[in-house]
Amino acid sequence: MGVPGPQVGGAETAGESEELARLRRENAQLKKDNKELAMERDVLKRCMVLWVK
């Protein structure tokens, strides 16, 4: 009927495990990049405030 959901209890295939590891690495990198961009944005906001004064 429908598409089967994720396996429960560690019954993943090797390909699924590799993809999950890759996605976790990608997610960690994106979170790091997002944090850096947020800090850059905050610095630029503060620069603009000082420049306008």
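To be clear, the structure that these remarks concern was listed above.
For the rest of this paragraph, the subject is the overall build of the protein. Helix and strand counts for the protein stand at 1 helix and 0 strands. The buried share of the protein, reckoned over its 53 residues, is 0%. Working note: accessible area of the protein is about 5300 Å², and carbon and sulfur atoms make up 61% of it.

Here we take up the pattern of salt bridges. The full count for this structure, using the stated rule, is 2 salt bridges. For aspartate 42, the salt bridge goes to arginine 41, with nearest N and O atoms at 3.4 Å. Under the relative-accessibility criterion, aspartate 42 is labelled partly exposed at 30%. Overall, the relative accessible area of 43% leaves arginine 41 in the partly exposed class.

What follows deals with a nonpolar patch on the surface. Taken together, Met48, Trp51 and Val52 make up a surface patch of nonpolar side chains, about 400 Å² in accessible area. Tracing the backbone shows methionine 48 in helix α1 (residues 14–52).

Conventions we followed
Here the residue numbers are simple positions, counted from 1 along each chain's written sequence. Selection of residues for local features in this predicted model requires a pLDDT of at least 70, selection of side-chain atom pairs for listing and counting requires 80 or more, and totals for whole chains, interfaces and linings are taken over all residues. Side-chain numbers come from the whole structure's heavy atoms, not from hydrogens or water. Only DSSP runs of H or I reaching four residues or more are called helices, and only runs of E reaching two or more are called strands; each is numbered from the N terminus. Remark: exposure states derive from per-residue accessible area (1.4 Å probe, protein chains only) relative to the maximum for the residue type, with buried under 20%, exposed over 50%, and partly exposed in between. Only the protein chains shown count as cover for residues, and all accessible areas are computed by the Shrake-Rupley method using a 1.4 Å probe. Any Lys or Arg side-chain nitrogen located within 4 Å of an Asp or Glu carboxyl oxygen qualifies as a salt bridge. Patch membership requires more than 30% relative accessible area and the absence of a salt bridge. Residues of like charge join within 9 Å; the nonpolar side chains Val, Leu, Ile, Met, Phe, Trp and Tyr join within 5 Å.

Shape is all these values report; function is a separate question.
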